[in-house]
Amino acid sequence: MLLRIDHVGVACHNLEEKIEFYESVFGLTVVSREVNEEQGVREAMLHVADGDQGASYVQLLEPLHPDTAVGKFLAKRGEGVHHIGYGVADVTKALEEIGAKGVRLVDERPRHGSMGASIAFLHPKDVGGVLTELVESSKR
């Protein structure tokens, strides 16, 4: 069901500073920047590598407001890994299969994600404390 690690989501206070860090230290390249009002974030996707099942990224997330999910995460835990995104072929089918196994779903149906992907989150309490995102990529 899981095809690859699509991305690692990293919460940060200052998107531009973190982009500069990842570019200068790791040699990554920004391939997409977006403001996602629904999720309350300004984000950048930085390309890490390509694989047989698709590319992998670091997703930097800066909250638009302190009361967003990422804003609350930063206030409680500080900067760092916010979630892991796994690539799937069909996010709707993956949600059905995972939900049928008793894992709580944050999203009952897919929603719009970065770079045109369809995404859905699983409840971290049912996935070992890790906020887990399922990602059905658009044709990247």
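Please read these numbers as outputs of a predicted model, since none were measured by experiment. (Residues numbered from 1 in each chain as written. Predicted model: local features only at pLDDT ≥ 70, side-chain atom pairs only at ≥ 80, totals over all residues. Heavy atoms only, no water.)

**Regarding the overall build of the chain**
In step 1: Looking only at helices and strands, one finds three helices and eight strands in the chain.
In step 2: Overall, the chain shows an N-to-C arrangement of helices and strands of β-α-β-β-β-α-β-α-β-β-β.
In step 3: Computed over its C-alpha atoms, the radius of gyration of the chain comes to 15 Å, within 12% of the 14 Å expected for a compact globule of 140 residues.
In step 4: Of the roughly 7600 Å² that the chain leaves accessible, carbon and sulfur atoms contribute 51%.
In step 5: Within the chain, one finds 15 positive and 22 negative side-chain charges whose respective centroids are separated by 6 Å. (Helix = DSSP H or I, 4+ residues; strand = E, 2+ residues; numbered from the N terminus. Rg over C-alpha atoms; globule rule 2.2 N^0.38 Å. Areas by Shrake-Rupley, 256 points an atom, 1.4 Å probe, with all protein chains shown as cover. Lys, Arg positive; Asp, Glu negative; His and termini not counted. Charge placed at Lys NZ, Arg CZ, Asp CG, Glu CD.)

**As for the UniProt feature "domain: VOC" (unreviewed entry) in the chain**
In step 1: Sequence positions flagged by UniProt for "domain: VOC" (unreviewed entry) are, in local numbering, residues 4-137.
In step 2: The span residues 4-137 is 23% helical and 43% strand by assignment, and the distance between its end C-alpha atoms comes to 11 Å. (UniProt positions renumbered as here; feature names shortened; annotations may be inferred.)

**Description of helix 3 (residues 91-100)**
In step 1: Val91, Ala94, Leu95 and Ile98 are the residues of helix 3 that are buried. With its buried residues spanning 100° around the axis, helix 3 presents them on a single face. When the buried face of helix 3 is taken as reference, the exposed residues oriented beyond 90 degrees from it are Glu96 and Ala100.
In step 2: Where the residues of helix 3 are buried, they touch strand 7 (118-122) and strand 8 (132-136).
In step 3: Positive phi appears at Gly102, one or two residues downstream of helix 3, with a value of about 95°. (Buried < 20%, exposed > 50% of the residue type's maximum accessible area, 1.4 Å probe, protein only. Arc of directions from axis to C-beta. Contact = heavy atoms within 4.5 Å.)

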